[in-house]
Amino acid sequence: STVHIYNTDIRPDFDPNTDKRNPLDLVFLIDSTASMIYDINAVKVSAADIMTKIAGTVPDFRVAVVEYRDFNQAPYGEATDYPFLVNTEFTNSEDRVIAAINAIQVGGGGDGPESIYYALRRVIDGTILQGWRSGDVDRVILLMGDAPPHDPEPLTNLTMLDIVQMASQQPEKRIFPVQVRNDRITAAYFRNLAGATGGPMLQVTDANGVVNAILRSIVLIMMGAPSIH
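Parameters at a glance
The numbering scheme is per chain: residues are counted from 1 as the chain's sequence reads. In view of the model being predicted, local features appear only for residues whose pLDDT reaches at least 70, and side-chain atom pairs are presented and counted only at 80 or more, with totals across whole chains, interfaces and linings using the full set of residues. Side-chain calculation: all heavy atoms of the structure are included, whereas hydrogens and water are not. Whenever Lys or Arg places a side-chain nitrogen within 4 Å of a carboxyl oxygen from Asp or Glu, that contact is recorded as a salt bridge. Secondary structure elements are defined from DSSP: runs of H or I of at least 4 residues count as helices, runs of E of at least 2 residues count as strands, and each element is numbered from the N terminus. Think of it in three bands: residues with accessible area under 20% of the maximum for their type are buried, residues over 50% are exposed, and the middle band is partly exposed, with areas taken using a 1.4 Å probe on protein chains only. Any pair of nitrogen or oxygen atoms within 3.5 Å is treated as a polar contact; in protein, a donor-acceptor pairing is required on top of that, and neighbouring residues in sequence qualify only through side-chain atoms on both sides. Residues count as neighbours in contact if any of their non-hydrogen atoms are within 4.5 Å of one another. Strand pairing requires that DSSP identify at least two bridges connecting the strands. To define axes, lines are fitted to C-alpha atoms, for helices over the stretch in contact only, and angles between the resulting N-to-C directions are given on a 0 to 180 degree scale. These descriptions rest on fixed angle ranges, namely under 35 degrees for roughly parallel, over 145 for roughly antiparallel, 65 to 115 for roughly perpendicular, and the rest for oblique. Lys, Arg, Asp and Glu make up the charged group, whereas Ala, Val, Leu, Ile, Met, Phe, Trp, Tyr, Cys and Pro make up the nonpolar group; the residues left over, Gly among them, are polar.

Undergrad: Could you clarify how one ought to interpret the pattern of salt bridges in this entry?
TA: Between side chains of opposite charge, pairing is possible as soon as their charged atoms come close. Inspection of the entire model under this criterion finds seven salt bridges. The partner of Arg181 in a salt bridge is Asp39, with the nearest N and O atoms 2.9 Å apart. Highlighted residues: Arg181 in the loop between strand E6 (174-180) and helix H6 (184-197) and Asp39 in helix H1 (residues 37-45), separated in sequence by 142 residues. Since its relative accessible area comes to 28%, Arg181 is described here as partly exposed. The salt bridge partner of Arg133 is Asp60, with a shortest N-O separation of 2.9 Å. Taken together, the residues span a long stretch of sequence, with Arg133 in the loop between helix H4 (116-125) and strand E5 (138-145) and Asp60 in the loop between helix H2 (47-57) and strand E3 (61-68) at a distance of 73 residues. You can call Arg133 partly exposed: its relative accessible area is 22%. Several salt bridges share partner residues, and in doing so they unite Asp25, Asp60, Arg62 and Arg133 into one network.

Undergrad: Looking at this structure, I do not really get the side chain of Asp39. What am I missing?
TA: The exposure class assigned to Asp39 is buried, which follows from its relative accessible area of 1%. Separated by 2.9 Å, the side chains of Asp39 and Arg181 make a polar contact. For Asp39, the contacting residues outside a window of four places in its chain are Met144, Val180, Arg181, Asp206, Ala207 and Val210.

Undergrad: How do you make sense of the sheet that holds strand E4 (residues 85-91) when you look at a structure like this?
TA: Two pairing modes exist for strands in a sheet, parallel and antiparallel, and in both the strands are linked by backbone hydrogen bonds. Judged by pairing direction, the sheet is mixed, and its seven strands sit side by side in the order E1-E7-E6-E5-E2-E3-E4 without closing on themselves. Edge positions in the sheet fall to strand E1 (3-6) and E4, since each of these pairs with one other strand and no more. Direction aside, the axes of adjacent strands within the sheet are offset by 15 degrees on average. Sitting on the sheet, H2 is in contact with strand E2 (24-31) and E3, with an inclination near 145 degrees to E3.

Undergrad: Would you mind going over the packing of H2 against helix H7 (residues 210-223) with me for this structure?
TA: A pair of packed helices is characterised by two quantities: the angle between their axes and the separation of those axes. Taken N-terminus to C-terminus, the directions of H2 and H7 make an angle of 10 degrees; their axes are 10 Å apart at the nearest point. Classified by the angle their axes make, H2 and H7 are roughly parallel. Judged by residue contacts, Asp49, Ile50, Lys53, Ile54 and Thr57 of H2 engage Val211, Ile214, Leu215, Ile218, Val219 and Met222 from H7. Along the lines of polarity and charge, the residues of the contact of H2 with H7 split into eight nonpolar, one polar and two charged.

Next comes the structure, spelled out in structure tokens:
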């Protein structure tokens, strides 16, 4: 499965052996609706490899794992859905992150779009995750899913502009979407979220490319846009 990368601006002079690596606060924000079952299983199988890559690339890291589905009322989602679920708040424990990834259970989904904006708002705020670090830290939300957001979102009335404005407030956060499969509407929203917050967007055609895309994202966090303070 090929990984396509959009909106990235790699620094041509970057040297991974000598360049300073900022501390990293990273949130895995993952669509856990039924259509994501094979993609999430792939991430579970490689969770230890992913954490080894993060720890080896950025020793001063904290990772949180969050799921989203949709609002649990018709016509948006099913009774088993939820718009936001924290599996682990920020932690520097590789084992805790691996356990949180393996705890993800897929199901539900209802209609096509999902509660992405609600989940992003809660993650950007960060209070429920025990807070983002300020200062010279890379703050990244790795958004992985195969469906677009509601826009405007029911119940919250959130729009793309609202989320971009929230992410742009100090301390700023970058959104790195990983789109699974090739829905054009999802691609448009994910690309805009990435471009407006200084992150790249990665697209993979199937579950075989998901882990590679995540690993590429970790490298891009280090090599991409200049650090945001």
